[in-house]
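Residue-level structural notes
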Amino acid sequence: QVQLVESGGGLVQAGGSLRLSCVASGSIFSINAMGWYRQAPGKQRELVAAIISGGKTNYADSVKGRFRFTISRDNAKNTVYLQMSSLKPEDTAVYYCAERSSGKNVYDYWGQGTQVTVSS
C-alpha cells in the first residue's frame, strides 16, 4: 500500500522560507513522477511543481523564479522536497504531495496535506 507523508508546513511571515518534505512508502519511488499541489480556501487544487524520475522539473508560473520554489528528490530516501522562498500571502494553502505511477497520466496517490500560512 502506497503512503505519502508530508511535513514541514507552518506559519511564516511574507518573504520567509519553508521546506516541505514528503516521504513515500510502498511504491517504486525512483521511477515515478512526484508533484506538489496546493489548494487555497475557495479555490481549485493546482499543480505547483513536479519532478520526473530523471530529474526534469516543471513549475506553475506563479512560483517560477530564482528565489521562489524549487522541487527536488532523493531517491535513496524515497523523499521529495519543495523548497519555498520569498513566500507571499497568496502562497497560503494546504500543500499536497502526489505520486504518479509509471505509465499513468494522472497522479494516483496523495498525501494528507500540510498547511502553509504566510502572514503579511
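The following paragraphs examine the structure supplied in this document. (Residues numbered from 1 in each chain as written. Predicted model: local features only at pLDDT ≥ 70, side-chain atom pairs only at ≥ 80, totals over all residues. Heavy atoms only, no water.)

**With respect to the overall build of the chain**
- Along the backbone of the chain there are zero helices and eleven strands.
- From first element to last, N terminus to C terminus, the chain shows the α and β order β-β-β-β-β-β-β-β-β-β-β.
- In terms of overall size, the chain behaves like a compact globule, its C-alpha atoms giving a radius of gyration of 13 Å where 120 residues would be expected to give roughly 14 Å.
- Considering only C-alpha atoms, the chain reaches an extent of 40 × 25 × 25 Å along its principal axes.
- The 120 residues of the chain split such that 42% are buried.
- Here the analysis covers contacts within the chain between residues at least 6 apart in sequence; of these, 54% occur between residues at least 24 apart.
- Surface accessibility of the chain: about 6400 Å² in total, with carbon and sulfur atoms responsible for 48%.
- Within the chain, one finds 13 positive and 8 negative side-chain charges whose respective centroids are separated by 4 Å. (Helix = DSSP H or I, 4+ residues; strand = E, 2+ residues; numbered from the N terminus. Rg over C-alpha atoms; globule rule 2.2 N^0.38 Å. Buried < 20%, exposed > 50% of the residue type's maximum accessible area, 1.4 Å probe, protein only. Contact = heavy atoms within 4.5 Å. Areas by Shrake-Rupley, 256 points an atom, 1.4 Å probe, with all protein chains shown as cover. Lys, Arg positive; Asp, Glu negative; His and termini not counted. Charge placed at Lys NZ, Arg CZ, Asp CG, Glu CD.)

**Here we look at the packing of aromatic side chains**
- Scanning the model with the defined rule gives three aromatic pairs in all.
- Centroid distance Tyr-37 to Tyr-107: 5.5 Å. Interplanar angle 80 degrees. Geometry classified as edge-to-face. One end of the pair, Tyr-37, is in strand 4 (residues 33–39); the other, Tyr-107, is in the loop between strand 9 (93–100) and strand 10 (109–110), with 70 residues separating them in the sequence.
- Each residue in the set Tyr-37, Tyr-107 and Trp-110 is aromatic and connected to the rest through ring pairs, giving one cluster.
- The side chain of Arg-45 reaches across the aromatic face of Trp-110, ending 4.8 Å from its centre. (Phe/Tyr/Trp six-rings, centres within 6.5 Å; stacked < 30°, edge-to-face > 60°. Lys NZ or Arg CZ within 6 Å of the ring centre and 35° of its normal.)

**Quick notes on the sheet that holds strand 3 (residues 18–25)**
- Read across the open sheet, the four strands follow the order 1-3-8-7; overall the sheet is antiparallel. Only two strands of the sheet have a single partner each, and these edge strands are strand 1 (3–7) and strand 7 (69–74). Sheet twist, expressed as the mean angle between neighbouring strand axes with direction ignored, is 15 degrees.
- In the sheet, strand 7 pairs with strand 8 (residues 79–84) via six bridges, with the strands oriented antiparallel. (Pairing = 2+ DSSP bridges. Axes fitted to C-alpha atoms, helices over the stretch in contact; angles between N-to-C directions.)

Limitation: the analysis is restricted to geometry and does not speak to function.
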